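Spelled out from the first residue to the last, the chains are:
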Amino acid sequence: MGAIVVIPTFNEKENVVRLTSKVLAADQSIKILFVDDSSPDGTGKIEDRLAKKYKGRIYVLHRKGRGRGSAGIAGFKMAISLKPDCIIEMDADFSHDPKYIPQMLLLAKKGYDVIIGSRFVRGGKIPNRPWWRDALSTFANIYNWLMLGLWGIKDTSGGFKCYKRAVLEAIDFDSIISKGYSIGPETLYKIKKAGKFKFIEFPIIFNDRNAGNSKLTIKEYLRYIVTVFRVRFGL
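Residues numbered from 1 in each chain as written. Predicted model: local features only at pLDDT ≥ 70, side-chain atom pairs only at ≥ 80, totals over all residues. Heavy atoms only, no water.

1. Points about the sheet that holds strand β6 (residues 161-164)
Backbone hydrogen bonds hold the strands of a sheet together, and the pairing may be parallel or antiparallel.
Next up, step 1: Reading across from one edge, β3-β2-β1-β4-β6-β5-β7 is the order of the 7 strands in this open sheet, with mixed pairing throughout. Across the chains shown, the open sheet's two edge strands, defined by having one partner strand only, are β3 (58-62) and β7 (199-203). Sheet twist, expressed as the mean angle between neighbouring strand axes with direction ignored, is 20°.
Next up, step 2: As paired elements, strand β4 (residues 86-89) and β6 share 4 bridges and run antiparallel to each other. Looking across to β6, one finds that Ile87 is bridged to Tyr163.
Next up, step 3: Running at roughly 155° to strand β1 (residues 3-9), helix α3 (residues 68-81) makes contact with β1, β2 (30-36), β3, β4 and β6 of the sheet. (Pairing = 2+ DSSP bridges. Helix = DSSP H or I, 4+ residues; strand = E, 2+ residues; numbered from the N terminus. Axes fitted to C-alpha atoms, helices over the stretch in contact; angles between N-to-C directions. Contact = heavy atoms within 4.5 Å.)

2. Describing a nonpolar patch on the surface
Next up, step 1: On the surface, a cluster of nonpolar side chains totalling about 350 Å² of accessible area is made up of Ile142, Leu146 and Trp151.
Next up, step 2: When its relative accessible area of 59% is taken as the criterion, Leu146 is described as exposed. (Patch = residues over 30% accessible without salt bridge, like charges linked within 9 Å, V, L, I, M, F, W, Y side chains within 5 Å. Areas by Shrake-Rupley, 256 points an atom, 1.4 Å probe, with all protein chains shown as cover. Salt bridge = Lys/Arg side-chain N within 4 Å of Asp/Glu carboxyl O. Buried < 20%, exposed > 50% of the residue type's maximum accessible area, 1.4 Å probe, protein only.)

3. Considerations on the pattern of salt bridges
Next up, step 1: Here the structure, examined in full by the defined rule, presents 10 salt bridges.
Next up, step 2: When the shortest N-O distance is used, the salt bridge between Arg129 and Asp134 registers 3.9 Å.
Next up, step 3: Classification of Asp134 as partly exposed rests on a relative accessible area of 30%.
Next up, step 4: Residues joined in a network through salt bridges with shared partners are Arg68, Glu89, Asp91 and Lys161.

4. So, the environment of Ala92
Next up, step 1: Tracing the chain through its elements places Ala92 in the loop between β4 and α4 (101-109).
Next up, step 2: Apart from the residues within four sequence positions on either side, Ala92 is in contact with Ile7, Pro8, Thr9, Glu12, Asn15 and Leu19.

5. Examining the pairing of β1
Next up, step 1: By the criterion of burial, β1 is predominantly enclosed, with 7 of the 7 residues buried.
Next up, step 2: Covered by surrounding structure in β1 are Ala3, Val5, Ile7 and Thr9 together with Ile4, Val6 and Pro8, the residues of both alternating faces.
Next up, step 3: Relative to β2, β1 is paired through 7 bridges, and the arrangement is parallel. Its bridge partner being in β2, Ile4 is matched across the sheet by Lys31.
Next up, step 4: Handedness of the crossover joining β1 and β2 through helix α1 (residues 16-26): right-handed. (Right-handed = clockwise from strand over helix to strand, strands pointing away.)

6. Quick notes on the environment of Ser175
Next up, step 1: By secondary structure assignment, the location of Ser175 is in the loop between α6 (165-169) and α7 (183-194).
Next up, step 2: Judged by relative accessible area, Ser175 falls into the partly exposed class, the value being 30%.
Next up, step 3: If we skip the residues at most four places from it in the chain, Ser175 touches Glu186 and Lys190.
Next up, step 4: Looking at Ser175, its side chain comes within polar contact range of the side chain of Lys190, at 3.3 Å. (Polar contact = N/O pair within 3.5 Å; in protein donor to acceptor, adjacent residues only side chain to side chain.)

7. Examining the packing of aromatic side chains
Next up, step 1: All told, the structure shown has 7 aromatic pairs when counted by the stated rule.
Next up, step 2: Taken together, a centroid distance of 5.8 Å and an interplanar angle of 40° make the contact between Phe76 and Phe173 tilted. Residue Phe76 is found in helix α3, and its partner Phe173 is found in the loop between α6 and α7; the two are separated by 97 residues along the sequence.
Next up, step 3: A relative accessible area of 8% means that Phe173 is categorised as buried. (Phe/Tyr/Trp six-rings, centres within 6.5 Å; stacked < 30°, edge-to-face > 60°.)

8. With respect to the side chain of Ser95
Next up, step 1: Looking at the secondary structure, you find Ser95 in the loop between β4 and α4.
Next up, step 2: Look past the residues within four positions of Ser95 in its chain and what remains in contact with it is Ile205, Phe206 and Asn207.

Set out below in structure tokens:
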């Protein structure tokens, strides 16, 4: 089952080379689409060199804009045009371990349309994480359940998912308003509204970033809350 892994990047030069090796080794059918937001640390140039080294298996989309949500949308649109069976989204900081990719593809083969790598189902863990980060994640989940009706999904705010191409083709990406991390629950909300796709969560060990700096600031978190509210009420 052919898959493209969409990886948004901004200042990830410490991670992309090793991440590329691990993602491509996960399955011979895997291709990578990096979506780089004009990283000032040269991440995009490194990705271009990787695309030459692994010709046909790596694509790079350079953007002048910035934002996790808009990068995800741009990546999804380009990935759809390449006609893979599945599209996987993950972060570049090794919080999402590429070793789970084969399990995602296996679940897709078994008939699931949306496969969520979940920190909060039985067996999922977030080791050595500050209590306040756990509290933020818990609040985000409760907020998404109440606002967007995402009951039944234990990890609504994670960014490690696999979609059958038909799932993303059913979404009107031009109607998505998320520019930041709220892209995850907004996408799930639109998929749920379609009402015809089969979801499953499986446990992952989520590790805080391996190198570089976190992009989740207080400003980003507040924008997340406001955007989910706007999604719910069509504002």
